[in-house]
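An overview of the molecular structure
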Amino acid sequence: MASNAPLLSDAGDVYALASNDAAYSDSTDPPPSRKTVGGLYSDKGEHEPTVDKTEMAEAVAKWERYTLWIFFGVTVGLVAVVAYFGHRISTTTSVRTIVQYQADCHVEAWPTNNNGGVNLTNPYLPDVPLTFVPPVASVAENAFTMFWANSMDRGVLVQPAFLGFDNSYLLEQLDRFPNTLRGVVTVDPDTSTEEDWMNLHRRGVRGVRLNLLGVNETHMQVLFAKLQTESWTALAQFMRRKRWHFDVLQEGARWKPLMEKLLETECRIVVDALGRPGPFGVDDVGFQAILDAATSNRVWIKVSAPFYLQVDDDGKARIMRRYLETFGQERLVWGSAYPFIQEKQEPGALPNYEDQKLLVAGWFRDTNVQKYLLRITASELYNFD
């Protein structure tokens, strides 16, 4: 025999009673022993609670509030997770999203067996010894392996100072890859002619290297006098006509007098290795002289060799911001400075090629800026097809 005990279903403080009384299973009227409360059945018995409409509304409202807070919390959590991992991705892989547009604007290469020997003094100032001569070879094949492994499709070879005016190895590589490489060479205008320079241009040369590290004020005056001579004036005229540039490596406060003289040539100027400001960083006198030259619209900054900087990571970030704010993305190019030869090299301390490239994403998070830095500006400056 079926029990007539009511079945209870719990929904917060609300109890709905369901009768399994067979006599009324097909009827829409309540059993005689029950009355309706708020449209629901309720026994008269004291052992069974009645349904209160106010309590039901409060319970429903409470449930809705709980549901809303749970939904809000989950949403905020998801947004935080997406933002965190989105930031991680943007600072480590955003460069890869424009991988097909990359150019490395500073790579140095020299033969394993240099028949011409090693030059131990500055090619333009024979009285000035070079600050450093690499102990090992950096053959071009090693550089190209780095290119392809890191999805680089354009490169600029820069003549090492210790090879002097012998650009033969660099030119051989330009001949091998005429659509991929450009070159920056060391030129002696006293022993070369415009025909020689034109031949260099046809082979892919787009700049003249001035490595002035270790050059003191006295020697700088000698260089300044050279820039005024007929041969250097002729070279400067050719450079302006063919849109070549001076690729200049100097450091600290010595940029102040140097920049003034270079601007007088009316040639394009590429500041190598971020200008290598001293420990004062953005407050360095030479750094300010570089910033002041931005108004000429003839100066570019090569974002390369940050390991030379004498400031901490925050100081490096400030330097990058000031350059971007002052010169704009159209005047910034990137160079790996491979093979990362440093004056004070510690075993195992050499930078990693990919790490140097990924630094761009950390300092310049706007992908549009990265595109200019890694390809667009380089295409214009070095005349890549």
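Here's a quick rundown of the structure. (Residues numbered from 1 in each chain as written. Predicted model: local features only at pLDDT ≥ 70, side-chain atom pairs only at ≥ 80, totals over all residues. Heavy atoms only, no water.)

Digging into the packing of aromatic side chains
Applicable threshold: The rule is short: rings of Phe, Tyr and Trp, with Trp giving its six-membered ring, pair when the centres are within 6.5 Å, and they are stacked under 30 degrees, edge-to-face over 60, tilted in between. Secondary structure is summarised from DSSP: a helix means a run of H or I of at least four residues, a strand means a run of E of at least two, and numbering begins at the N terminus for each. Three labels apply to residues, based on accessible area from a 1.4 Å probe with only protein chains included: buried if under 20% of the type maximum, exposed if over 50%, partly exposed otherwise in between. We call a charge positioned over a ring when the NZ of a Lys or the CZ of an Arg lies within 6 Å of the ring centre and within 35 degrees of the ring normal.
Counted according to the given criterion, the structure contains 13 aromatic pairs. Aromatic side chains Trp-197 and Phe-238 sit 5.8 Å apart centroid to centroid with 55 degrees between the ring planes, which places their arrangement in the tilted category. Of this pair, Trp-197 sits in helix H4 (residues 194-202) while Phe-238 sits in helix H6 (residues 230-242), and the two are 41 residues apart along the sequence. Judged by relative accessible area, which is 1%, Phe-238 ranks as buried. Summarising the aromatic geometry, the rings of Phe-307 and Tyr-308 are spaced 5.2 Å apart at their centres and angled 55 degrees between planes, so their arrangement reads as tilted. A network of ring pairs unites the aromatic residues Tyr-124, Phe-165 and Trp-232 as a single cluster. Lying across the ring of Tyr-308, Arg-276 places its NZ or CZ 3.9 Å from the centre. A cation over a ring is seen here: Arg-331 above Trp-300, with NZ or CZ 4.5 Å from the ring centre.

Examining the packing of helix H2 (residues 140-149) against helix H3 (residues 168-176)
Our working rule: Whenever a helix is involved, its axis is fitted only over the stretch in contact; in every case the axis is a line through C-alpha atoms, and angles between N-to-C directions fall within 0 to 180 degrees. Geometric relationships in this document are graded by angle, where less than 35 degrees denotes roughly parallel, more than 145 denotes roughly antiparallel, 65 to 115 denotes roughly perpendicular, and other angles denote oblique. The crossing is said to be left-handed when, going from far helix to near helix, the turn is anticlockwise and less than a right angle, and right-handed when the turn is clockwise. Contacts are assigned to residue pairs that have any heavy atoms within 4.5 Å of one another.
Packing of H2 against H3 brings their axes to within 11 Å, and their N-to-C directions diverge by 45 degrees. With respect to each other, H2 and H3 are oriented oblique. Where H2 crosses over H3, the two elements pack in a sense that is right-handed. Facing H2, whose interface residues are Ala-140, Glu-141 and Phe-144, H3 presents Tyr-169, Gln-173 and Arg-176.

Observations regarding the environment of Gln-288
Residue placement: Gln-288 occurs in helix H8 (residues 285-292). We classify Gln-288 as partly exposed; its relative accessible area is 33%. On a C-alpha basis, the gap between Gln-288 and Arg-322 in space is 10.0 Å, while along the polypeptide they are 34 residues apart.

Topic: the pattern of salt bridges
The following threshold applies: Definition used for salt bridges: Asp or Glu carboxyl oxygen within 4 Å of a side-chain nitrogen of Lys or Arg.
This model, assessed by the stated rule, comprises ten salt bridges. One salt bridge connects Arg-209 with Asp-247, and the closest N-O pair in it is separated by 2.5 Å. Separated by 38 residues along the polypeptide, Arg-209 in strand E8 (residues 205-211) and Asp-247 in strand E9 (residues 245-249) bring together distant segments of the chain. A salt bridge links Lys-302 to Asp-272, with the shortest nitrogen-to-oxygen separation between them at 3.4 Å. With Lys-302 in strand E11 (residues 299-303) and Asp-272 in the loop between strand E10 (268-271) and H8, the pair connects residues that are 30 residues apart, well separated along the chain.

Description of the environment of Val-303
Along the chain, the position of Val-303 falls in strand E11. Here the alpha-carbon distance between Val-303 and His-106, two residues 197 residues apart in the chain, equals 9.5 Å. In this structure, Val-303 is in contact with Leu-274, Met-320, Val-333, Trp-334, Gly-335, Phe-364 and Leu-373, ignoring residues within four places of it in sequence.

What to know about the side chain of Glu-108
What counts here: Under the convention used here, Asp and Glu are negative, Lys and Arg are positive, and both His and the chain ends fall outside the count. Counting of polar contacts relies on pairs of N or O atoms within 3.5 Å, with two restrictions inside protein: one atom must be capable of donating a hydrogen and the other of accepting it, and residues adjacent in sequence are counted only when both atoms are side-chain atoms.
Secondary-structure assignment places Glu-108 in the loop between strand E5 (103-107) and H2. Buried charge without a salt bridge: Glu-108, with Arg-209 as the nearest opposite-charge side chain at an N-O distance of 4.0 Å. Polar contacts involving the side chain of Glu-108 include one to the side chain of His-106, which spans 3.0 Å.

What about the sheet that holds E9?
Quick reminder of the rule: Here a strand pair is declared whenever DSSP counts at least two bridges between the two strands.
Taken together, eight strands build an open sheet; the order of strands is E5-E6-E7-E8-E9-E10-E11-E12 and the sheet is parallel. The sheet terminates laterally at E5 and strand E12 (332-334), the two strands that pair on one side only. Direction aside, the axes of adjacent strands within the sheet are offset by 25 degrees on average. Summarising the sheet, E9 and E10 pair through four bridges and their orientation is parallel.

Some thoughts on the side chain of Arg-182
By the secondary structure assignment, Arg-182 is in strand E7 (residues 181-185). When its relative accessible area of 5% is taken as the criterion, Arg-182 is described as buried. Polar side-chain contacts of Arg-182 include one of 3.0 Å to the backbone oxygen of Asn-383. Setting aside anything within four residues of it in sequence, one finds Arg-182 in contact with Gly-155, Val-156, Leu-157, Leu-174, Gly-204, Arg-206, Tyr-382, Asn-383, Phe-384 and Asp-385.

Details of the pairing of E11
The test is simple: Handedness of a crossover: with both strands directed away from the viewer, a clockwise path from the first strand across the helix to the second marks it as right-handed.
Among the five residues of E11, five are classified as buried, and the element is accordingly described as predominantly covered. Of the two faces of E11, both are covered, the one formed by Val-299, Ile-301 and Val-303 as well as the one formed by Trp-300 and Lys-302. As judged from the three bridges shared by E10 and E11, these two strands associate in the parallel manner. Among the inter-strand pairings, Val-271 is bridged to a residue of E11, identified as Ile-301. For the handedness criterion, the β-α-β arrangement of E10, H8 and E11 is classed as right-handed. As for the winding sense of the linkage, the β-α-β connection from E11 through helix H9 (residues 313-327) to E12 is right-handed.

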